[in-house]
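Fold and contact review
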Amino acid sequence: NNLYQLGDLFELQRVCMVEKSGDIPSTLTPELMTLCHKRGVYTQDIVRGAGAWPDGKSAVINLGDAVYKCQSGETIGHNDMQGKEVYVRSNSVYDMDCEPLRNAEAHKLRTICDKLTWRRKVDGTLLAGWLVLAPIGGCLPWRPHIFLTGSKGAGKSTVINDVVMRVVDRMAIKMDGGSPEAGLRGAVKESTRPVIMDEFEGANRRDAEQVDKILNWARKGSSGGAIVNANGYFRARSCVCFAAINPLVIKDADKERNTLLELVPNRSDNAEGHYAELMDMIHETLTEDFAKGLVRRTVENIDALLHNCQVFIKYTTRVLGSKRAGDQVGTLLAGAYMLNSTAKVTEAKAAEWVSSQDWTWHDDEIEGSDTENLMQYIMTAMVEHTMVDRTGKMPIADLMARVHHKSMGWEDASRTLGRYGLAIVDGWMRVANKSNRLSEVLANTIYQVYKPTLSRYPGVRNGPEPMRFAPGVKSRYQEVPLSGLLDGIDVEEELSFGEEFE
């Protein structure tokens, strides 16, 4: 029966030159084994499902029912593809049997995206860029993700259902909030198809855990990383569009890979007229033929797109001061540029456009480094503290301030800090390289092993020799300057006898 999956019975009889079907296995099996040995050892990373894949300086599109070679413009069968990669069949999800959109037609998508009510003007450009890139994300050096958000009534459902899904519907894998990460991997399999995750909320702790796992999967997808577990080998190469009212994007690594696009309610006097005009434009423009023509346009100009990605990344990196931010935003800008022109952008034009934009929002969005977040967790952590004969909970920052200013109860505060591997000495906060109590405080964060992150804090220095922080707590340590850490903390001053009665 396995052999019959390779071809119908009569075809196998003809190839093997036998009359009886029972003679097929004995004739064909040795030939197949010989071919297998010639091909070499099978590995999962050579399998290429539906979607776009890099092919030298060009790309190959696995349409599902055939393969399209971008460089030559020919459509061939899966078995006719040469090379070590194996292109596998699936349902037909891409269609190259259409005419590519011309500039004037393609630019209508940019106009529609810009007409949506955004908190930031550039968000429409970034959404348009993602819609161009998502279908062919597998052949990009960097796959950007976007996160649509906005309050109730801002139009998030309209954007997902009437804009995003109309453009990528046939190619996309759409899943709703609450779907497990394993289910997502099972749906994507070896493909590079775009993924739409609507209602991506973390209503409870279990949902929040799934959100974190899926964001981790998407994080791998940005650079094409692999996920290996007991169930197999999975390489993530999809562009993802998340949507939620409350985006649970907490880690810096996720913030830099998921560009937040925020919608706001239209409160203008002509809100109804604006919405009606927008919907008419959407229904008139974003047809099935438009979606197919947009992909064909992108595929036929893949060399220009890849060139433009590198140029926009170069100048966006300079402006934003981060290579990862440049990869993310620069790639989206290159996608948006394809809606204006299929030419290779000049460096002068890219530099001029990027430098003329307001990027302050990006600094606000990526607020706080990992080291600053770690310090915030430590300073605000509530720990048990005993002073005289009373025990309660107090923030670590308050205990540090008491010790630093030698105010009331500072000796008790110093002993409490010592149990957590902390000490205040001559304007420095000493942090033990290993402290079980401090790790317990950070147990529900990504900083449970805190030493590597702390070592990157501005001005930090290593202590010369081990220190005894408390009985049973002896460790080498790092010193963090107290400057700025204790600003704004009121310290209760100790009064001399009788002074409170004056």
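Presented here is a report on the structure given in the accompanying data block. (Residues numbered from 1 in each chain as written. Predicted model: local features only at pLDDT ≥ 70, side-chain atom pairs only at ≥ 80, totals over all residues. Heavy atoms only, no water.)

Formed by 77 residues in total, the largest nonpolar core has its most connected members in L127, W130 and L131. Discounting residues that sit within four places of it in the chain, L127 has contacts with C113, L116, W118, I146, V159, V164 and L261. By size, the runner-up hydrophobic cluster in this structure holds 30 residues, among which are A381, M394, A397 and L442. (Core = buried A, V, L, I, M, F, W, Y, C linked by side-chain atoms within 4.5 Å. Buried < 20%, exposed > 50% of the residue type's maximum accessible area, 1.4 Å probe, protein only. Contact = heavy atoms within 4.5 Å.)

Once that is clear, we can look at the sheet that holds strand β18 (residues 461-462). If you trace the 4 strands from one edge of the open sheet to the other, you get β16-β17-β21-β18, paired in antiparallel fashion. Edge positions in the open sheet fall to β16 (422-425) and β18, since each of these has one partner strand only. Bridging between strand β17 (residues 428-432) and strand β21 (residues 477-481) involves 5 bridges; their strand directions are antiparallel. Along β21, the bridge assignment pairs W428 with P481. (Pairing = 2+ DSSP bridges. Helix = DSSP H or I, 4+ residues; strand = E, 2+ residues; numbered from the N terminus.)

Next up on the list: the packing of aromatic side chains. Counted by the stated rule, this structure contains 6 aromatic pairs. Judged by centre distance (6.3 Å) and plane angle (85 degrees), the ring pair of F469 and Y477 falls under edge-to-face. When its relative accessible area of 4% is taken as the criterion, Y477 is described as buried. Ring pairing ties together the aromatic residues F147, F200 and F242, which thus form one cluster. For the cation-ring pair, K406 lies above W410, with the distance from its terminal atom to the ring centre recorded as 4.8 Å. (Phe/Tyr/Trp six-rings, centres within 6.5 Å; stacked < 30°, edge-to-face > 60°. Lys NZ or Arg CZ within 6 Å of the ring centre and 35° of its normal.)

In this model, K406 sits at a positive phi of 50 degrees, which is unusual for a non-glycine residue. The phi angle at D426 is positive, at roughly 50 degrees, despite the residue not being glycine. The residue D426 is located in the loop between β16 and β17 in this model. You can call D426 exposed: its relative accessible area is 72%.

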